[in-house]
Amino acid sequence: MIAAQDLHTEFQFAPEAESQLSSDTDFEDPDGKHAKTGKGMAAKKGKKALGDKAKGGAAGRTPGVGRVNGHYQENGKENMTLFEVVKIGKSATQSVVDDWIEAYKHDRDHALLDLINFFIQCSGCKGAVSGEMFRHMQNSEIIRKMTEEFDEDSGDYPLTMSGPQWKKFRISFGDFIAVLVRQCQYSIIYDEYMMDTVISLLTGLSDSQVRAFRHTSTLAAMKLMTALVNVALNLSINMDNTQRQYESERNKVVAKRANDRLELLLQKRKELQENQDEIENMMNAIFKGVFVHRYRDAIAEIRAICIEEIGVWMKLYSDAFLNDSYLKYVGWTMHDKQGEVRLKCLNALQGLFYSRELGARLELFTSRFKDRIVSMTLDKEYDVAVQAIKLLTLVLQSSDEVLTAEDCESVYHLVYSAHRPIAVSAGEFLFKKLFSHRGPEEEGLPRRGRQSLNGSLIKTTVFFFLESELHEHGAYLVDSLWDCGSELLKDWETMISLLLDEPIPGEEALTDRQETALVELMICAIRQACECHPPVGRGTGKRVLTAKEKKTQLDDRTRITEMFAVALPLLLAKYCVDIDKVTNLLQIPKYFDLDIYTTGRLEKHLDALLRQIWEVQDKHTDTEVLEVCSTTYHSLCNEEFTIFNRVDIARSQLLDELVDKFNRLLEDFLQEGEEPDEDDAYQVLSTLKKISAFHNAHDLSKWDLFTSNYRLLNTGLQNGDMPEQIVIHSMQCTHYIILWHLAKVSDGSSLKGDMVTLRKQMRAFCLMCQRYLNSINNAVKEQAFTILCDLLLIFSHQIMSSGREQLEPLVYTPDSSLQAELLNFILDHVFIDQDDDTNSTDGQQDDEASKIEALHKRRNLLAAYCKLIIYNVVEMNTGADIFKQYMRFYNDYGDIIKETLSKTRQIDKVQCAKTLVLSLQMLFNEMLSELGFNVDRSTSAFCGIKELARRFSLTFGLDQLKTREAIAMLHKDGIEFAFKEPSPQGQGSPPLNLAFLDILSEFSSKLIRQDKRTVHVYLERFMTVQMALQREDCWLPLISYRNSLQVGGDDDTMSVISGISSRGSTRSKKSKPAIASKRKLPEAEENSCSSSDAIWMNREQNVQTPVMMHSPHLTSTVLRDPKKMRPEDSYTAAFTMPTEQLPHQPVPLQQQPHHHHQTAIDYNTQVTWMLTQRQQAEARQQQERVSMHYAKMRNHMQQAIRRGSGLMEDDEEPIVEDVMMSSEGRLEDINEGMDFDTMDIDLPASKNRRERTELKPDYFDPSSIMDDSVLNVSMF
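The rules behind the values
- Within each chain, residue numbers correspond to sequence positions counted from 1 in written order.
- Note on the predicted model: pLDDT of at least 70 is required for a residue's local features to be given, and 80 or more for side-chain atom pairs to be given and counted; whole-chain, interface and lining totals, by contrast, use all residues.
- As a rule here, side-chain values come from all non-hydrogen atoms in the structure, and water together with hydrogens is ignored.
- Numbering of helices and strands runs from the N terminus; a helix is a DSSP stretch of H or I covering at least four residues, while a strand is a stretch of E covering at least two.
- Any residue under 20% of the maximum accessible area for its type is buried, any over 50% is exposed, and the rest in between are partly exposed; the area is computed with a 1.4 Å probe on protein chains only.
- The contact criterion used throughout is that any non-hydrogen atoms of two residues lie within 4.5 Å.
- Exposure was quantified through the Shrake-Rupley algorithm and a 1.4 Å probe, taking into account, for residues, occlusion by the shown protein chains and nothing else.
- Every helix has an expected span of 1.5 Å times one less than the residues it contains.
- To get an axis, a line is fitted to the C-alpha atoms, and for a helix only the part in contact is used. The angle between two axes follows their N-to-C directions and goes from 0 to 180 degrees.
- Note on terminology: angles under 35 degrees are roughly parallel, angles over 145 are roughly antiparallel, angles of 65 to 115 are roughly perpendicular, and the others are oblique.
- In the scheme used here, Gly and all other residues not listed as nonpolar or charged are polar, with Ala, Val, Leu, Ile, Met, Phe, Trp, Tyr, Cys and Pro taken as nonpolar and Asp, Glu, Lys and Arg as charged.
- Working definition: a ring pair exists when centres of Phe, Tyr or Trp rings (six-membered ring for Trp) sit within 6.5 Å. Plane angles under 30 degrees give stacked, over 60 give edge-to-face, the rest tilted.
- Criterion for a charge above a ring: Lys NZ or Arg CZ within 6 Å of the ring centre, and within 35 degrees of the ring normal.
- What makes a crossing left-handed is the near helix being turned counterclockwise from the far one by less than a right angle; a clockwise turn instead makes it right-handed.
- Patch building starts from residues that exceed 30% relative accessible area and form no salt bridge, then joins like charges within 9 Å and nonpolar side chains (Val, Leu, Ile, Met, Phe, Trp, Tyr) within 5 Å.
- A pair is scored as a salt bridge if a Lys or Arg side-chain nitrogen falls within 4 Å of a carboxyl oxygen belonging to Asp or Glu.
- We treat Lys and Arg as the positive residues and Asp and Glu as the negative residues; His and chain ends play no part in the count.
- One atom stands in for each charge, and that atom is NZ of Lys, CZ of Arg, CG of Asp or CD of Glu.
- By the criterion applied in these results, polar contacts are pairs of N or O atoms within 3.5 Å in which, for protein atoms, one can donate a hydrogen and the other can accept it, and in which residues neighboring in sequence qualify only through two side-chain atoms.
- Each residue gets a pLDDT score, which is the predictor's confidence in that residue and runs from 0 to 100.

## A word on the overall build of the protein chain
Move 1: When helices and strands are counted, the protein chain shows 53 helices and three strands.
Move 2: The proportion of buried residues among the 1276 residues of the protein chain is 50%.
Move 3: A sequence separation of at least 24 residues applies to 74% of the contacts in the protein chain between residues at least 6 apart.
Move 4: As presented, the protein chain carries roughly 61,800 Å² of accessible surface, and 50% of it is formed by carbon and sulfur atoms.

## Thoughts on helix α46 (residues 1036-1045)
Counting along an α-helix, one turn takes 3.6 residues, and residues three or four places apart therefore face a common direction.
Move 1: Counted residue by residue, α46 has eight buried out of ten residues, so it is predominantly covered.
Move 2: Restricting attention to buried positions, one finds in α46 the residues Pro1037, Leu1038, Ile1039, Ser1040, Tyr1041, Arg1042, Ser1044 and Leu1045.

## Considerations on helix α34 (residues 754-772)
Move 1: With 19 residues, α34 extends 27 Å between its outermost C-alpha atoms, agreeing within 8% with the 27 Å of an ideal straight helix rising 1.5 Å per residue.
Move 2: Within the span of α34, buried status applies to Asp754, Leu758, Gln761, Met762, Phe765, Cys766, Met768, Cys769, Gln770 and Tyr772.

## Concerning the packing of helix α40 (residues 909-931) against helix α41 (residues 940-954)
Move 1: Relative to each other, α40 and α41 sit at 175°, their axes nearing to 10 Å. The angle between α40 and α41 falls in the class roughly antiparallel. On the side of α40, the interface is formed by Leu916, Ser919, Leu920, Leu923, Phe924, Met927 and Leu931, while α41 contributes Ala941, Phe942, Ile945, Leu948, Ala949 and Phe952.
Move 2: Across the contact of α40 with α41, the residue classes tally to twelve nonpolar, one polar and no charged.

## Structural notes on the packing of aromatic side chains
Move 1: Counted by the stated rule, this structure contains 38 aromatic pairs.
Move 2: A centroid spacing of 4.8 Å and a plane angle of 55° characterise the contact between Phe118 and Phe176, whose relative ring orientation is tilted. A residue pair is termed long-range when its members are at least 10 positions apart, and Phe118 in helix α5 (residues 108-122) and Phe176 in helix α8 (residues 164-184) qualify at 58 residues. Of the two residues, Phe118 and Phe176, neither departs from the other in class, the shared state being buried.
Move 3: Ring geometry for Phe365 and Phe369: centres 5.0 Å apart, planes at 40°, overall tilted. You can see Phe365 and its partner Phe369 sitting in helix α17 (residues 363-375), four residues apart, about one turn around the helix.
Move 4: A relative accessible area of 0% means that Phe365 is categorised as buried.
Move 5: Phe369 sits in the buried class, given a relative accessible area of 2%.
Move 6: By way of ring pairs, the aromatic residues Phe287, Phe291, Tyr295, Trp313, Tyr317, Phe321, Tyr326, Tyr329 and Trp332 are connected into one cluster.
Move 7: Arg108 extends its terminal NZ or CZ atom over the ring of Tyr193, reaching a point 4.1 Å from the ring centre.
Move 8: Its end group placed over the ring of Tyr246, Arg269 keeps NZ or CZ at 5.2 Å from the ring centre.

## What about the packing of helix α30 (residues 644-669) against helix α31 (residues 678-697)?
Move 1: Closest axis-to-axis distance for the α30/α31 pair is 9 Å, and the angle between their directions is 145°. Considering only the axes of α30 and α31, their crossing is left-handed. Residues Leu654, Leu655, Leu658, Val659, Lys661, Phe662, Leu665 and Phe669 of α30 form the contact with α31, whose participating residues are Asp680, Ala681, Gln683, Val684, Thr687, Leu688, Lys690, Ile691 and Phe694.
Move 2: Each residue belonging to the contact of α30 with α31 can be placed in one class, and the counts come to twelve nonpolar, two polar and three charged.

## Digging into a negative patch on the surface
Move 1: Residues Asp668, Asp677, Glu678, Asp679 and Asp680 make up a contiguous surface patch of negative charge.
Move 2: At three residues, α31 tops the list of elements feeding residues into the negative patch.

## A few points about the side chain of Ser236
Move 1: Here Ser236 shows up in helix α10 (residues 211-250).
Move 2: For Ser236, a relative accessible area of 14% gives the class buried.
Move 3: Ignoring anything within four residues of it in the chain, the contact list for Ser236 reads Gln276 and Tyr317.

## Here we look at the pattern of salt bridges
Here the idea is simple: oppositely charged side chains can pair when their charged atoms come close.
Move 1: One pass over the full model with this rule turns up 39 salt bridges.
Move 2: In this structure, the salt-bridge partner of Lys490 is Asp556, at a minimum N-O distance of 2.8 Å. With Lys490 in the loop between α22 (474-489) and α23 (492-500) and Asp556 in helix α25 (residues 547-574), the pair connects residues that are 66 residues apart, well separated along the chain. Comparing Lys490 with Asp556 shows no difference in burial state: the two are buried.
Move 3: Taking the shortest distance from any N to any O, the salt bridge between Arg651 and Asp648 comes out at 2.6 Å. Of this pair, Arg651 and Asp648 both sit in helix α30, three residues apart, which is roughly one turn of the helix.
Move 4: Among the charged side chains, a salt-bridge network with shared partners connects Asp207, Arg214, Arg294 and Asp297.

## What about the side chain of Gln553?
Move 1: Structurally, Gln553 can be placed in helix α25.
Move 2: The residues contacting Gln553, other than those within four sequence positions of it, are Ala529, Cys530, Glu531, Cys532 and Leu545.

## Examining the environment of Asp790
Move 1: Mapping Asp790 onto the fold places it in helix α35 (residues 778-794).
Move 2: Overall, Asp790 belongs to the partly exposed group, its relative accessible area being 29%.
Move 3: A C-alpha to C-alpha distance of 7.5 Å links Asp790 and Ala864, two positions 74 residues apart in sequence.

## Notes on the environment of Asp607
Move 1: In this structure, Asp607 sits in helix α28 (residues 603-619).
Move 2: In this structure, the C-alpha to C-alpha distance between Asp607 and Pro569, residues 38 residues apart in sequence, is 9.2 Å.
Move 3: Looking at Asp607, its side chain comes within polar contact range of the side chain of Arg646, at 3.1 Å.

## A closer look at the confidence of the model for the protein chain
Move 1: Per-residue confidence for the protein chain averages 76 on the pLDDT scale, and 72% of its residues sit at or above 70.
Move 2: Note on residues 1-78: pLDDT is under 50 here. Beyond four places in sequence and across chains, it has 170 contacts.
Move 3: Taken as a whole, residues 836-843 scores under 50 in pLDDT and shows four contacts with residues more than four places along the chain or in a different chain.

## Details of unusual backbone geometry
Move 1: A positive phi angle, near 60°, is found at Glu192, a position not held by glycine.
Move 2: Tracing the backbone through its elements, the reader meets Glu192 in the loop between α8 and α9 (194-206).

## Focus: the environment of Arg651
Move 1: Residue class for Arg651 comes out buried when judged on its relative accessible area of 18%.
Move 2: Put simply, Arg651 and His698 are 47 residues apart on the chain and 9.8 Å apart in space, counted from C-alpha to C-alpha.
Move 3: With residues near it in sequence (within four places) discarded, Arg651 still touches Tyr633, Cys637 and His698.
Move 4: Within the local environment of Arg651, its side chain forms a polar contact with the side chain of Asp648, the two groups lying 2.6 Å apart.

Here is the structure:
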C-alpha cells in the first residue's frame, strides 16, 4: 500500500486543479484552488461542510478562550496566536481547533496562514509568514526567508527548552495536530488544499539545515501521520462494515432484496474507498518525504521521534503497517549509536509483543533480529538493557520455541548484576521461564509442604543457584526474584519441610550441598523480608517504606518468629555439626520479634534454642561459628524484653564454665618443668578462641582475664615456643579487655582507680605487642602490628575530642623506636613482590584466590599504618617511605597511597611537600647505591623517579596560590640536596646529586612567576662561576633546571628534557596555527611590566637568547594569539622569545650588560640553547610527521569504508547541521561524502538505487539503508 515503490513524494491532484504542491511550489494556486473545494463522502452526500460541529463545537470549548478577527483571546484581554493558545495546555486544544475550523470555512487562506505561522513559531523562529509571501513565494523561498530571520542567539527552541511549561507544550503540540485531523476527518482533509499545503510545508521544513525547523517539522509530520493512521483505520472499519452489509443484502432472496439499499451501500463503499486512497496518498507522502529521510537524521532526538511513531502505527493499524517493509526500519535502528534511539526501538517492539496476535506475526522479524535483541541485554546504557530483557520476556511469553537455551542463559546470569533494575528484569525472565509452566500432573497438589507445587519450585531454585557457577551470592538471587516471586520465597513452611521431613518413597532426597544452598536461600529470604532493602552493592541506601510495606514487614516478621521459634531448635539439632548450615541458621534469631516468646507461650522453645546454642559452641572451635553464637546471645539478651533474665542466666553459666576451664588449663599448661603436649595446647586454644569470640560482643570484665592473658603472652616471649594461634587469640582477647575497660571509663561508670589501671595495662600491652613485632612467625607479627595500630589510633590525642578532656592521662604517643619498627614492618611485609611460585595443590583457581586474599591482607596492613600518618600519630615524614612506592605498587596500593597523600596535604601542605621531596631523595640515593656515582639519566631507574615526580606534581592541582609556599619549600630542599654532597671525582666535576635537579624540574611549572625568580636566586647561591661555564652533558640537569626557572620559559608545563621525552608536548597537539601578523606582541604590553621585573628580565635576556642564532622556521604552532594568552604568558613571551617573534632582528649589543664574565656565560648558554632548540625542533617535526601519517591513514580508512559500504560516488562533503541555509535558489546536496566523525548513525547504502528524478533532493540519502553489506544479513 504505502510502501509501493512507484509512488512519489509529490502530490498528484485532479487535472482541473492544475497545481502540484511540493516543497518547491506555491502554498496556494490562485487559478485552481477553488476548482474543487470539497471532495469525499461528506461533500458528495450533502452533509454539513465541516460535519463535525456536533463532535466538538461550542460544548467542548474552554470558557474565556475565543477568536476575534482571526486572533484568539483569553478572557477578552489580549490577542493570542495559535502558538500561544497551545502553550496554555490541553484544556484549550479542543476549543482552538473548533475556532480554526470555523475560520477555515470562512477564509481558508487566512486560516492556513495562521497554521503555517504556528509551525514556524513552534520552531522558535522570530519571523512570520505574511499574506503576500503566502501568495507569491514558493516553499523553498519562504523557508529561506524564515531561516534568515531565525534568532540564533540561543540554541534552544520550544521542543528543547527545559521547564514544566515547555514539557507540557510538547504534549499539547501533538494533541493539537491529533485533534485538528480528527475534527477535519470527514471533509476538510479531502479538499486537496489544507492537507496538501501542510504536508508540503512540513516536508520542506524537515529538509532544512536549521535543527529547530527540522526537529519541529519532523515531530509535527509524525504526529500528523499518526492522526491519519487513525483516520485510515476508521475508514477500513467502515469499509468492512459496509461490505458485510452489502453482502448480507445481496444474499437475500430477490423478493426481499432492496435494490435502493444495495445502490446506496455500493456508493458508500466507493466513497470510502476513494477517501481511503487519498489518505493512503497523504501517508505515503509523509512516509517517503519525511520518515525515510529523518529516521536516520544526524540528531538522535529526531531519529527517536520517527521510531517511536512508527511503533504506534504498527500497533494501531497492524494490517497495513505490521509487515517487514516497516519492521526493517526498527530492526536496523536497533544498531543506533545513541541509547535513546535504541530504547525507542525496544519500546516500540514491546507494544507489539504485548499482544499474542501481533506477536505471532513477528516470527520472521524475531528470527532476523533476535541475536541483536539478546546482545542488547548487555547494552552499556542500563535503561536499554532493562528494556531488552523485558522484550525477551514478552517474546518468551508469545512463544517458547523462539529463544534457544543459549539465549536464555545469556539472560540468566544477569540476576547477579549489581544494577538492580537489570537484575530484577532478569529475575522476571527467569521466573517466567522456569516457574510459570505447570503440567497437568501438578494440578491438585497441596498448597504448602514438601509435596506442594512450591516444593518443586523451591527445588528448581536451589538447582539453578548451584548451577550458576559465575556467582555464589544467594542474597542477589533472592533480591532479583523478590518482586515477581516473593510469595514463593516467603514459603518458609515448605522450606522447613524440605529440610526436616523425610522424603516419601520414590522421591529423591536433597543432597548435603543442596541442603546447604537451601539454608542459604532461606536466610537470604528472611533478611529481605525483615530489612526490606536490597543487599550491599544494589541500590543507593535505605528508602522510606510506605504504610503498606511497613505492615507487610511486621506481618512477615511475626510469621518468621512464630515459625522458626519452633523449627530452629530442631534444625540446629539436625545440623549441629555442619559449619555452613549452623552459621546461617544462627543468624535467624536476630530477626525475631522477641515479644512473641512471651505472648505466644513459647518459653520452652526458647530454652530448647539456648540448649542448642550451648551444644553448638561446645562442639565447634571454628571462629565464624563461635562469633555467630556470640552475636545470637547478644540479640537475645535485650533488657527491653521479659526473656532477658532467662537468657542472661544461660549466658552467665556458659561464660563461667569457659573462664574456669581456661584458668584451670592455663595453670597446667604453664606449669614449670613440664613440656606441654599437643592435647593440652589444643584445649587451651579452643577455650581461648571461645572466650575471645564472646568477649567481642559481651563485657567479661568481671572475670579479670587480663592477668592470665598477659602471663600467657609473657611466657611465650620468654620461651619462644608458644603455638602461634594461642598467641594470636590471646592478643585479640587482651585487646578486647582493654577496649571494654576504656568503654567503662569513658561512660563514667568505672571506679576511681580504674583509669590508672587501664593506663598501666594499655602501656604494658603495647610494649608486649612491640616485642612481638620481632617474632619469627609472620602471623603473630601481623596480629601484633594490627593491634598496635588500632591502640595507637584509639589512645592518640583524638581521644580527648568531643569534651572528653578527662581522658588525657590515657594519651599514648609512640616513641621513635616504635615508629621505626612499625615502618620497617610495612616495608618488609607489604611492599613485596607477588610470589609467582605456587604451593597450592588445588589448582590454579585456588592459587589465584589465595593470592587475592593475601593482597587484601596486605592492603589492610598498609591502610592501618596510613591512618596513623593521617591522624598525626606518627611523624609525617615517615610517609616518605610509603610515597616512594607509589609507581612500583600502583596497581596494588595506588588508591591507598593517593588518599593518604591527599589527607596529609590537607593537614600541612608544607610538611607534605617536604615529605614528597624526601621520598624522591630516598629513591635517588638508592639508585646511586645500585648504579654508582655516574648517573645515566636514560636508565629505567632514573626515568621511574622522574615519572614519579611528575605524578607528584600533578597532585598539587591548578591553584598555584594555595600551594605556593609548599612548592617553594620543595624546591629549596631539592636544591640543598643536589649540592649537598661534593663530587667524589674531585673539584671541577658536578656534585654527586646534581642529576636530582632534573627530577626537581618537574615541579617548576607549579611555581608562580615571582617564586621562580626567588628560587633561581637561591639556586645561584650554590653555583660557582665555573659551574655556570660548564657545558658537558653531566651539567645538563643544572642547565635544564635553570631554564625551567626562567620566567619566560617557552614551556611552562615541563622541563626541557621532559619536552624531548616520549610523552611529547601536549600544547603542540592542541594549539592552532597562529596568524603571522599576530606574532608580534604590542609594545604597550611589553612596557606594562614593573621596573623590577624589567631589570630582572634584562639581566636574564642574554642568557636565554643567543645573539647569533635565528629562530627556526616552525611549522607547528607553539606561539599563540596574544589576545588569548594569560597575562603572564603574554608578558613573558615578549622577552623570552624575541627571535621567534622578530626573526631577522638580532639583539643589539649595547643592550648586553658590560661585565667581564658575562660574555663567557652568554657563549656557553648560547651553545646550550642551540642544542635544546635543535632537540625541540626535532621533537616538533616528529610530532608533525606522526600527525600527517595519522591524517593520511584516516583518509585511506574513510575511502575504504565508503567503498565497502557502497556509498554514492558524489558523496564528498561532510554533514553540516545547525547552520543557516544558503541564499541560493536551491540547496545543494549537503550529504555528499559523509564525514564519519560527525555521523551519528551509518546505515547501509542501496545496491539498486531507484530513479530519483521525480523526488525532492535527499539531503540524508535515505536509500543508503538498503545495503546488506553492513548488517551482513539477507533482506526480508
